[in-house]
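Structural overview
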Amino acid sequence: MEMTDRSEHAPEDDPRPAESGATATLPSGRAPVGLSAEDCETLRDRVVWLVRVRWVVVAVGLVAVLAGWALWPTAAFWEGLLAAVLGVGLLNIVWSSRIRAGGQSACTDNVRFSLWQMVSDFAFLAVAVHLTGGIGGPLAPLFVLHGVFSAVLLPGSYTLGVGGLAALLLLSSVALERVWGWLPAWRLGDPGFGPTWLSPLLSLGFLGLAAGGASLIGLQLAGQLRTRHARVAELARELSLRNAELRQVDEQRLRLLGVASHDLVGPLAAMESRLDLFLGGYVGDLTPDQRTNLERVKTRLRELRDFIKDLLDLTAVETAVAPGTGATTFDVAAQLRDTVLELSPWAESKGVSLALTGVDRPLTVRAARARLGLVWTNLLTNGVKYGGGQPVTVSVETDDRFVRVAVRDRGPGIPPEHLGRLFTEFYRTPAAKASGIPGTGLGLAISRRVVTTAGGSIEVRSEPGEGTTFTVRLPLVEPEEPTER
């Protein structure tokens with residue numbers, strides 16, 4: 001049976017739509033690596049939320065600074081604190097304008113925008129911490145809270161950078177105070193500033209604020225994570241249902257294909273027998289034109305019969321998808337010798353010699369024996385048909401775990417752009433189509449399924465003008481007694 005073409009069911013060009021949902025593809029710029037489209041949308045929402053929260057911080061900061069200035073006007077740091085709070089407010093005006101003007105900005109722009117917000121916030125916070133008593137002052141815990149904000153808002157690599165900046169600012173503040181003696185003019189706990197309990201109370205209050213803020217953010221993230229997990233679980237259930245439906249459709253397709261193909265074999269055989277009666281002269285003499293036309297009809301019938309047999313083989317292989325289905329343990333070296341011996345007369349009739357090397361000892365594999373025989377027949381007939389009349393060689397090599405069977409022809413070869421398309425149904429290379437050699441484009445697809453089901457692999461290597469080599473690799477197993485021959 002001539003099964004084969006170097007084939008794949010794919011068009012010359014494969015214009016496939018870009019995959020959706022993997023990364024964000026917003027209007028301008030690309031999404032940072034690791035962010036999905038949903039992550040980018042969440043980022044934009046959090047940027048808006050952060051700007052709104054900052055207005056609350058500015059309002060509370062202004063009230064606190066003005067109240068403290070009224071209660072303890074002799075402290076020297078109120079002007080600096082007021083400048084820091086107003087600076088945050090002015091920058092927040094810029095951030096708000098940017099949000100109103102930006103609309104649906106690209107994900108990369110939003111990441112960059114968030115990064116600059118975090119950097120400016122830490123800079124102003126470092127100034128405020130220094131003016132209110134330095135690293136030991138009540139505002140120091142806010143560094144931790146803002147670090148949590150940045151971890152929630154930014155991608156991991158950016159969070160590390162912002163966290164490094166925050167640590168550098170704190171270390172710089174410690175160095176300025178402890179090494180160079182650059183202390184603020186007043187501290188909240190200095191005599192004459194206010195009651196002695198004020199500084200520890202403020203420290204405790206800001207520490208509680210930092211802990212509470214971090215806890216609230218953690219709870220919010222946990223809720224979002226539960227929501228996302230529920231969504232993923234729902235999508236997984238839907239995908240499982242769709243997969244079950246597709247499997248049912250595929251099983252029905254295979255059954256229909258098998259039944260239809262099987263039912264066509266009988267009528268075709270009957271038609272071919274009737275044609276043999278006419279061509280054999282049993283129903284009267286034929287004119288040369290009649291004989292020529294009937295021979296053409298018989299050729300077409302034979303091609304259709306071969307195509308149907310290939311469809312039946314493909315159906316049988318696809319319905320036996322589980323590894324080891326119908327498998328037996330046998331000597332593949334003996335099978336190769338038998339196949340070469342069987343095909344040699346046909347190959348010699350076409351002026352092609354077949355040679356087999358490396359089968360000087362038993363090589364035991366476990367596979368569907370009859371189907372694996374189709375693989376060797378397919379590869380050898382391919383080599384004879386497309387090998388340009390040159391010898392076809394079969395070489396066998398082994399190691400401790402695998403046997404490798406290489407079938408090589410010395411024909412014109414296959415261009416590189418077609419090598420990736422050889423193993424899918426119904427594809428024939430332009431050269432195969434132009435050659436006029438009949439084929440279905442199913443042989444290599446069947447071969448790959450058979451070899452894969454047996455736990456092996458099949459590869460092709462070809463260079464134009466240098467021929468083509470198909471290499472089948474199968475795992476070796478321990479022989480059973482008695483080993484099938």
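In case you missed it, the structure is sitting above this.
Below, the structure is looked at part by part.

Conventions used here
Residues numbered from 1 in each chain as written. Predicted model: local features only at pLDDT ≥ 70, side-chain atom pairs only at ≥ 80, totals over all residues. Heavy atoms only, no water. Helix = DSSP H or I, 4+ residues; strand = E, 2+ residues; numbered from the N terminus. Buried < 20%, exposed > 50% of the residue type's maximum accessible area, 1.4 Å probe, protein only. Contact = heavy atoms within 4.5 Å. Areas by Shrake-Rupley, 256 points an atom, 1.4 Å probe, with all protein chains shown as cover. Axes fitted to C-alpha atoms, helices over the stretch in contact; angles between N-to-C directions. Parallel < 35°, antiparallel > 145°, perpendicular 65-115°, else oblique. Left-handed = near helix turned anticlockwise from the far one by under 90°. Salt bridge = Lys/Arg side-chain N within 4 Å of Asp/Glu carboxyl O. Expected span 1.5 Å × (residues − 1). Core = buried A, V, L, I, M, F, W, Y, C linked by side-chain atoms within 4.5 Å.

From N to C terminus, the protein includes 12 helices and seven strands. Across the 485 residues that make up the protein, the buried fraction comes to 39%. By sequence separation, contacts in the protein at least 24 residues apart represent 75% of the contacts at least 6 residues apart. Accessible surface for the protein amounts to roughly 26700 Å². Of this, 62% is attributable to carbon and sulfur atoms.

Glancing now at the packing of helix α9 (residues 369-386) against helix α12 (residues 443-453). At a minimum axis distance of 9 Å, the contact between α9 and α12 shows a crossing angle of 140 degrees. Taken together, α9 and α12 sit at an angle that is classed as oblique. Crossing handedness for the pair α9 and α12: left-handed. Contacts between α9 and α12 involve Arg371, Leu372, Val375, Asn378, Leu379 and Asn382 from the first element and Gly443, Leu444, Ser447, Val450 and Val451 from the second.

Attention now goes to the pattern of salt bridges. Pairing between side chains becomes possible if they bear opposite charge and their charged atoms approach one another. Overall, the coordinates contain four salt bridges when judged by the stated rule. Of the charged contacts, one joins arginine 242 and glutamate 245 as a salt bridge, the two residues approaching to 4.0 Å between their closest N and O atoms. Taken together, the residues arginine 242 and glutamate 245, both in helix α6 (residues 198-279) and three residues apart, mark about one turn of the helix. The exposure class of glutamate 245 is partly exposed, given its relative accessible area of 43%. Arginine 404 is the salt-bridge partner of aspartate 399, the closest N and O atoms lying 2.9 Å from each other.

Next up on the list: α9. A rise of 1.5 Å per residue sets the reference length of α9, with its 18 residues, at 26 Å; its end C-alpha atoms lie 26 Å apart and thus fit the reference within 8%. For α9, the tally of buried residues reaches 14 of 18 residues, placing the bulk of the element in the interior.

Attention shifts here to the nonpolar core. Grouped together as the largest cluster of nonpolar side chains are 39 residues, with contacts concentrated most on Leu372, Trp376, Leu379 and Leu474. Sorting the residues of this core by element identifies α8 (332-349), β3 (364-367), α9, β4 (392-398), β5 (402-409), α12 and β7 (467-475) as the ones contributing at least two each. Once residues within four sequence positions are removed from consideration, leucine 372 is found in contact with Phe330, Val332, Gln335, Val365, Ala367, Val450 and Leu474.

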